[in-house]
Structure formats: C-alpha cells, structure tokens
Amino acid sequence: VYMTAYSKHGKSDGAEAHITPNAFHTFAVSWDRHDLIWYIDGGEAGRVTTPDDMHKPMYMLANLAVGGNWPGSPDASTHFPAKLMIDYIRAYRFEI
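This report concerns the structure included in the present document.

1. Re the overall build of the protein chain
Here is step 1 of the chain: Assigned secondary structure in the protein chain consists of one helix and three strands.
Here is step 2 of the chain: Overall, the protein chain shows an N-to-C arrangement of helices and strands of α-β-β-β.
Here is step 3 of the chain: Within the protein chain, buried positions represent 18% of all 96 residues.
Here is step 4 of the chain: The contacts in the protein chain between residues at least 6 apart in sequence include a share of 35% that link residues at least 24 apart.

2. Considerations on the pairing of strand β2 (residues 35-40)
Here is step 1 of the chain: Relative to β2, strand β1 (residues 27-31) runs antiparallel, the two being bridged by five bridges. Each bridged residue has a counterpart across the sheet, and for Ser30 the counterpart in β2 is Ile37.
Here is step 2 of the chain: Here β1 folds back onto β2 in antiparallel fashion, the turn holding three residues.
Here is step 3 of the chain: The pairing of β2 with strand β3 (residues 43-49) spans six bridges and is classified as antiparallel. Following the sheet pairing, Leu36 is matched in β3 by Val48.
Here is step 4 of the chain: As consecutive antiparallel partners, β2 and β3 are separated by two residues, and within that stretch Asp41 has a phi angle of approximately 50 degrees, a positive value.

Rules behind the numbers
Residues numbered from 1 in each chain as written. Predicted model: local features only at pLDDT ≥ 70, side-chain atom pairs only at ≥ 80, totals over all residues. Heavy atoms only, no water. Helix = DSSP H or I, 4+ residues; strand = E, 2+ residues; numbered from the N terminus. Buried < 20%, exposed > 50% of the residue type's maximum accessible area, 1.4 Å probe, protein only. Contact = heavy atoms within 4.5 Å. Pairing = 2+ DSSP bridges.

Now the structure itself:
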C-alpha cells in the first residue's frame, strides 16, 4: 500500500533511505479526505493531497512485489527467493 499508492500519483520521497534490510519496520498510512500521509518507524516519509479517485472503500493488500519504479527492476544483486515477514497488520478508523 505504501509505495503503490504513492508511486501511482507520481511522487518520490526517498523513503528507501529510511529502510534497512533484515530489520522490522513500522509502516503506516493516515488517509482522510484531505491528505495521504506515509510514515516509516513513526516519522513522516511522504504526503500528498488525497486524489479524487480515493474517496471510496478500498482493501488492504500486503504483498512482496518485485520491480517497478521503487526500488527498480531486479538485477544480479537481487536476492531470490525473497522473503516478506509481517509481525502484524492493524487498521483503525478515526472518527471525526
């Protein structure tokens, strides 16, 4: 969710600099009618105005995608098989 939504709307925030391999990290998205705000380990990593096409119910998806604009296409240094370890996923609804 983090990079997919962010990349779709043409933004790049250098978030890869905040992520170290072989360590657990906390990723979060705050989404309301005004802003989408991404966080990595409690620090704001990016922010955009909520696009018009994101004012409807959506599904949460956690996957291990390979390639794309971030971090780029696989090459000889890409480790396969890749591994995605998730400790937990939580969703909250904030009432306004």
